[in-house]
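If you want the building blocks of each chain, they are given just below.
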Amino acid sequence: MKKLVLTLGAILAVAAAQANAETVVTDTDGNGVYSMEELVAAYPDLTEETFAAIDANADGSVDADELQAAVEAGTIAG
């Protein structure tokens, strides 16, 4: 029984750590901003409408400041 409780505790700890893990967006082309494709890789449910809302200056890409603002506003999960 003790072994079962320890195993369940370990599983719950790993699950909690994953739930609190920050989403990582990768700038795969190295241009310093994120495209729709790069953001969808990190946020599979991202829509074009949400991307446009995040892209505050409407230049067709999302920079680090725009991404941070979207996370802080709750537009996307961090």
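To start, this report covers the structure provided alongside it. As the structure is a prediction and not an experimental result, all values here were calculated from the model. (Residues numbered from 1 in each chain as written. Predicted model: local features only at pLDDT ≥ 70, side-chain atom pairs only at ≥ 80, totals over all residues. Heavy atoms only, no water.)

**Here we look at the overall build of the protein chain**
Test applied: Secondary structure is summarised from DSSP: a helix means a run of H or I of at least four residues, a strand means a run of E of at least two, and numbering begins at the N terminus for each. Relative accessibility decides the category of a residue: with a 1.4 Å probe and only protein chains considered, values under 20% of the type maximum give buried, values over 50% give exposed, and everything between is partly exposed. It only takes one pair of heavy atoms within 4.5 Å for two residues to be counted as in contact. Each accessible area value is a Shrake-Rupley result obtained with a 1.4 Å probe; residue values ignore everything except the protein chains displayed when judging cover.
Looking only at helices and strands, the protein chain features four helices and zero strands. Ordered by position from N to C terminus, the α and β elements of the protein chain give α-α-α-α. Per-residue burial for the protein chain yields a buried fraction of 22% across its 78 residues. For the protein chain, contacts bridging at least 24 residues in sequence account for 32% of all contacts bridging at least 6. Accessible area of the protein chain: about 5,600 Å², with a carbon and sulfur share of 58%.

**Regarding unusual backbone geometry**
The backbone phi angle of A58 is positive, close to 55°, even though this residue is not glycine. When you line up the elements, A58 lands in the loop between α3 (48-54) and α4 (64-73).

**Quick notes on the nonpolar core**
To be explicit about the condition: The set of buried Ala, Val, Leu, Ile, Met, Phe, Trp, Tyr and Cys residues whose side-chain atoms join them within 4.5 Å is what this entry labels a nonpolar core.
Core analysis: the largest hydrophobic core is formed by 13 residues, its most contacted members being V25, L39, Y43, L46, V62, L67 and I76. Counting only elements with at least two residues in this core, the list comes to α2 (36-42), α3 and α4. Per-element accounting of this core gives the leading share, three residues, to α2. Setting aside residues no more than four positions away along its own chain, L46 makes contact with M36, L39, V40, F51, I54 and I76.

**Looking at the side chain of E38**
Where we set the bar: Any pair of nitrogen or oxygen atoms within 3.5 Å is treated as a polar contact; in protein, a donor-acceptor pairing is required on top of that, and neighbouring residues in sequence qualify only through side-chain atoms on both sides.
Position of E38 relative to the elements: it lies in helix α2. On the basis of relative accessible area, E38 is assigned to the buried category, the value being 5%. Of the polar contacts made by the side chain of E38, one reaches the backbone nitrogen of S35; its length is 2.8 Å. Ignoring any residue separated from it by four or fewer positions in sequence, one finds E38 in contact with V25, T26, D27, T28, D29 and V33.

**Description of α4**
Keep this limit in mind: This arc is taken over the directions from the axis of the helix to the C-beta atoms.
Along α4, the residues that are buried comprise E66, L67 and A70. End-on view of α4: buried residues confined to an arc of 100°, all on one side of the axis. Away from its buried face, by an angle of more than 90 degrees, α4 presents the exposed residues D65 and E72. The inward-facing, buried residues of α4 abut α2 and α3. Backbone nitrogen of D65 and a side-chain oxygen of the N-cap are separated by 3.0 Å at the start of α4; the cap is D63. Taken from the residues just after α4, G74 is the one with a positive phi, measuring 85°.

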